[in-house]
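Report on the structure
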Amino acid sequence: MKYVDNIRKNVKEPVKVSVLTEAMVWEKFGVLLWQADRFEGEPYFYPVYRWENYYSYSLLALIIKKGNLNLNEAASIDANKPNFLSLYSHNIIDNDIVKIGGPLINDQSIWDSEIYLQELAAAMKADVEHIETLNPGYTNFLMCGGKDSMNMLLLPWKNPVIALSADPNYTLVCEFIQRNNLEVDVRLLKDSFDPDMLEEEILECCCRMELSNWKWGKDLRNIAKEFDHKVIFWKGQYSEILLSTNWKHMVWPISPVNDFFGKIHRVLSPFIPGFIKFKLGQWIAPMSFTRAWHFTSIRLGGHMAFIRSLCSSLVLSPYVGPNVTKVFSRVNHARAVQYDRRRDFGPLLCGRNVWYPDENPGPDLSFFRERKQVPENFISLLEKNGVPRK
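Structural notes, computed from the coordinates. (Residues numbered from 1 in each chain as written. Predicted model: local features only at pLDDT ≥ 70, side-chain atom pairs only at ≥ 80, totals over all residues. Heavy atoms only, no water.)

A count of helices and strands for the protein chain gives 16 helices and 10 strands. A compact globule built from 390 residues should have a C-alpha radius of gyration of about 21 Å, and the protein chain, at 21 Å, falls within 12% of that. With respect to the three principal axes, the spread of C-alpha positions in the protein chain is 60 × 45 × 45 Å. Taken over 390 residues, the protein chain has a buried fraction of 58%. Looking at the protein chain alone, contacts between residues at least 24 apart form 74% of all its contacts between residues at least 6 apart. Of the roughly 16700 Å² of accessible surface on the protein chain, 52% is carried by carbon and sulfur atoms. Of the charged side chains in the protein chain, 46 are positive and 45 negative, and the gap between their average positions amounts to 2 Å. (Helix = DSSP H or I, 4+ residues; strand = E, 2+ residues; numbered from the N terminus. Rg over C-alpha atoms; globule rule 2.2 N^0.38 Å. Buried < 20%, exposed > 50% of the residue type's maximum accessible area, 1.4 Å probe, protein only. Contact = heavy atoms within 4.5 Å. Areas by Shrake-Rupley, 256 points an atom, 1.4 Å probe, with all protein chains shown as cover. Lys, Arg positive; Asp, Glu negative; His and termini not counted. Charge placed at Lys NZ, Arg CZ, Asp CG, Glu CD.)

What follows is the structure, given as structure tokens:
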């Protein structure tokens, strides 16, 4: 397979550094594999994997560098379950590889909601400006659907911007741009089937996620090629934890009982007396960071690394930059995010009132990828491409 051959070629001579950081891995595109004496930092969202002293955002690249698969039987069993959604961060399909990082450390020192939103808006602008400065001449493709990603359109971009949106959100995104007088072109994004690329996706997924959730690969690759890979794909990932009430149901560990309690808490929270609501919030909020590391960083962050590998292009979220992280690491959710603040956040990015649609339908899952992540498919394709089980 040409895709595997290219990875094998690119991992032959890793970039050697004494100290590797998350910024070195995720702020510019070009390097697939690093060899470092040590890694500095604790990534909480973007994937960074390690085998021995080799590092990559691509789990598949490390497996190919190793030359074999040391199958993690526990991960294989989980990925084969009929109700499987995602492996957790510590449960990797190869026993020899680890995911670097851990839950974000949070001191809950920002109690004031307005201060939080203002600091977050300033931080996001600074992070985006930093990335654009590092990548001059690149076109920003904003993948838009709901309020999280629509707010990205309000940022003061300097490089060219094009919005991407899929049905049924496409017309809503177009209306959002029109009503808010934004000078941004919109392209209709489709999820096209390509049998050869599906095999590449199965390999790149490495059994981490039920594959019908990880879409858009073919069309995004075509866009990247059209622009000679001088593109950055932006997704509104992690915003729901920063700005909405999603944190209220993020009880850890994940279980039917905990999930039920979390959902009930989120629904009933507006009706709970203040002192009880804050006590519950201060109990749940720290768990939300743990759950985000184990689950969200795979489901959402993993998808970004997946698209990055398939498209040979940078994929980022403005909600996970270093300046945003400094603010987020101080927020007291129980005080500052008791209700959805995304409609309040947008105007702080652009300095004026913003119209939002009331609907947020969301696209369907990908039927042709359903359960294609099962280990049997993954192992078979590895062996077919010269990577045996250990």
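In this section: the sheet that holds strand β3 (residues 49–51). Neighbouring strands of a sheet are bound in pairs by backbone hydrogen bonds; such pairs are parallel or else antiparallel. Reading across from one edge, β1-β2-β4-β3-β5 is the order of the five strands in this open sheet, with mixed pairing throughout. The open sheet has two edge strands with one neighbour each: β1 (15–21) and β5 (98–99). When strand β2 (residues 34–40) meets strand β4 (residues 54–56), the two strands line up antiparallel, connected through two bridges. Paired with Q35 across the strands is Y54, a residue of β4. (Pairing = 2+ DSSP bridges.)

Turning next to the packing of helix α5 (residues 113–134) against helix α15 (residues 342–350). Interhelical geometry of α5 versus α15 gives an angle of 50 degrees and a closest axis separation of 9 Å. What the angle tells us is that α5 and α15 run oblique. By crossing handedness, the relation of α5 to α15 is classed as right-handed. Packed against α5, whose contacting residues are L117, Q118, L120, A121, M124 and K125, the element α15 presents D344, F345, L348 and L349 at the interface. Each residue belonging to the contact of α5 with α15 can be placed in one class, and the counts come to seven nonpolar, one polar and two charged. (Axes fitted to C-alpha atoms, helices over the stretch in contact; angles between N-to-C directions. Parallel < 35°, antiparallel > 145°, perpendicular 65-115°, else oblique. Left-handed = near helix turned anticlockwise from the far one by under 90°. Nonpolar A, V, L, I, M, F, W, Y, C, P; charged D, E, K, R; others polar.)

A full pass over the atoms with the stated rule returns 23 salt bridges. In this structure, R369 and E201 form a salt bridge, with 2.6 Å as the shortest nitrogen-oxygen distance. Separated by 168 residues along the polypeptide, R369 in the loop between α15 and α16 (375–384) and E201 in helix α8 (residues 195–205) bring together distant segments of the chain. Across the pair, E201 and R369 agree in class, each one buried. Measuring nitrogen to oxygen at the nearest pair gives 2.5 Å for the salt bridge that ties D340 to R342. Counted as one network, the salt bridges with shared partners bring together K66, D94, D96 and K390. (Salt bridge = Lys/Arg side-chain N within 4 Å of Asp/Glu carboxyl O.)

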